[in-house]
Amino acid sequence: MDKQTEDDRRNTANKSKPPQPAFRNRKTKLVLVGTPNVGKSVIFNLITGTYVTVSNYPGTTVEVSRGAAKLDRQMYEVIDTPGMYSLFPITEEERVTRTLLLQEKPDVVMHVVDAKNIERMLPLTLQLLEAGLPVILAVNMMDEAKKIGRSIDLDALSQALGIPVAGTAAALNRGMEQLKRMVAQYVRKRVA
Ligand SMILES: Nc1nc2c(ncn2[C@@H]2O[C@H](COP(=O)(O)OP(=O)(O)OP(=O)(O)O)[C@@H](O)[C@H]2O)c(=O)[nH]1
Ligand SMILES: [Mg+2]
């Protein structure tokens, strides 16, 4: 068979089987990061189902939880990480989270911040973005922020950072549907 015919045959074969988007064939990976005590684990538990595994990160005593979720018909592996203040690690927890972010190649990194102290937390958002990670922002504890009279313009924040932003009060199960929709939408856009 000459080269031309062989190529033609291959093309026809390819055409009869439309390529599937790569992300449908594997789990999409969502990693939750943020400083300690901002509500990462509460969000993790609300997003994932019952099958959660907790294990020490290899070679360390730091625990990392992994669970599964289905958002918009797509399967996700969701990873809850130990709190970190900076991408430049000082503690073992921070070192684990940094290594995990670099090794796991997440499709989405959800930076969870405390709405009450948001200005102290945004430098980490910028570090994550500078590291080239696919970051979206969950501004959690909106209930407490409201109580102390703080209002946050989430749209303006989203515009300024150039990333999707959602407000939540995870402990009260508020804003979770919108947060999950935001993840699914972000992943759809990135893969398209
Ligand atoms: N009022 C209020 N409390 C919240 C909210 N989200 C989480 N909490 C509470 O904040 C505390 C910390 O939540 P966690 O989910 O354990 O925080 P974390 O980010 O996983 O903390 P580390 O694992 O230590 O990094 C818990 O007592 C939660 O119940 C919220 O939206 N509003
Ligand atoms: Mg936690």
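Provided above is the structure to which this section pertains.
A short tour of the structure in this document, coming up. (Residues numbered from 1 in each chain as written. Chains lettered and ligands numbered in written order. Predicted model: local features only at pLDDT ≥ 70, side-chain atom pairs only at ≥ 80, totals over all residues.)

Glancing now at helix H6 (residues 154-161). Sparse coverage of H6 is indicated by the burial of zero of its eight residues. A positive phi of about 75 degrees marks glycine 162, the residue just after H6. (Buried ≥ 20, exposed ≤ 12 C-beta atoms within 10 Å, placed from the backbone. Helix = DSSP H or I, 4+ residues; strand = E, 2+ residues; numbered from the N terminus.)

Another aspect to go through is the nonpolar core. Of all hydrophobic cores here, the largest spans 41 residues; its most connected members are Leu32, Ile43, Val109, Met110 and Ala138. Setting aside residues no more than four positions away along its own chain, valine 109 makes contact with Val31, Val33, Leu101, Leu128, Leu133, Pro134 and Val135. (Core = buried A, V, L, I, M, F, W, Y, C linked by C-beta atoms within 7 Å. Contact = placed C-beta atoms within 7 Å.)

With that settled, the discussion passes to unusual backbone geometry. Despite not being glycine, arginine 73 has its phi angle at roughly 65 degrees, a positive value. By C-beta crowding, arginine 73 is classed as exposed, having 7 other C-beta atoms within 10 Å. Even without glycine at this site, lysine 105 takes up a positive phi of about 45 degrees. Of note, lysine 105 is situated in the loop between helix H3 (92-103) and strand S5 (108-114). Of the residues examined, lysine 105 has 10 C-beta atoms within 10 Å and is grouped as exposed.

As for its position among the elements, tyrosine 57 is in the loop between strand S2 (52-56) and strand S3 (63-71). Accessibility expressed as a C-beta count within 10 Å gives 19 for tyrosine 57, which makes it partly exposed. Separated by 40 residues in sequence, tyrosine 57 and threonine 97 place their C-alpha atoms 9.5 Å apart. Beyond its immediate sequence surroundings of up to four residues, tyrosine 57 is in contact with Val62, Val64, Val96 and Leu100.

A word on the pairing of S5. A regular strand carries its side chains on alternate faces of the sheet. The buried count for S5 comes to six of seven residues, which makes it a mostly enclosed element. Bridging between strand S1 (residues 28-33) and S5 involves four bridges; their strand directions are parallel. Each residue of the ladder has a partner; that of leucine 30, found in S5, is valine 108. For S5 and strand S6 (residues 135-140), the ladder comprises six bridges, and the chain directions are parallel. Within the sheet, the bridge partner assigned to methionine 110 lies in S6 and is isoleucine 136. (Pairing = 2+ DSSP bridges.)

The next subject is the environment of asparagine 140. Tracing the backbone shows asparagine 140 in strand S6. Judged by local crowding, asparagine 140 falls into the buried class, with 29 C-beta atoms found within 10 Å. Each C-alpha atom, one on asparagine 140 and one on glycine 175, is 9.1 Å from the other, the two residues being 35 residues apart in sequence. Excluding its chain neighbours within four sequence positions, the residues that come into contact with asparagine 140 are Val38, Gly39, Ile43, Val112, Val113, Asp114, Ala115, Thr168 and Ala170.

Two elements, S2 and S3, share five bridges in a ladder whose sense is antiparallel. From the neighbouring strand, threonine 53 faces S3, where its bridge partner is arginine 66. Counting the residues that bridge the hairpin from S2 to S3 gives six residues, and of these glycine 59 lies at a positive phi of roughly 80 degrees. The pairing of S3 with strand S4 (residues 74-80) spans seven bridges and is antiparallel. Across the sheet, lysine 70 pairs through a bridge with methionine 75, a residue of S4. Linking two consecutive strands that pair antiparallel, namely S3 and S4, is a turn of two residues; a positive phi of about 50 degrees is found at aspartate 72 within it.

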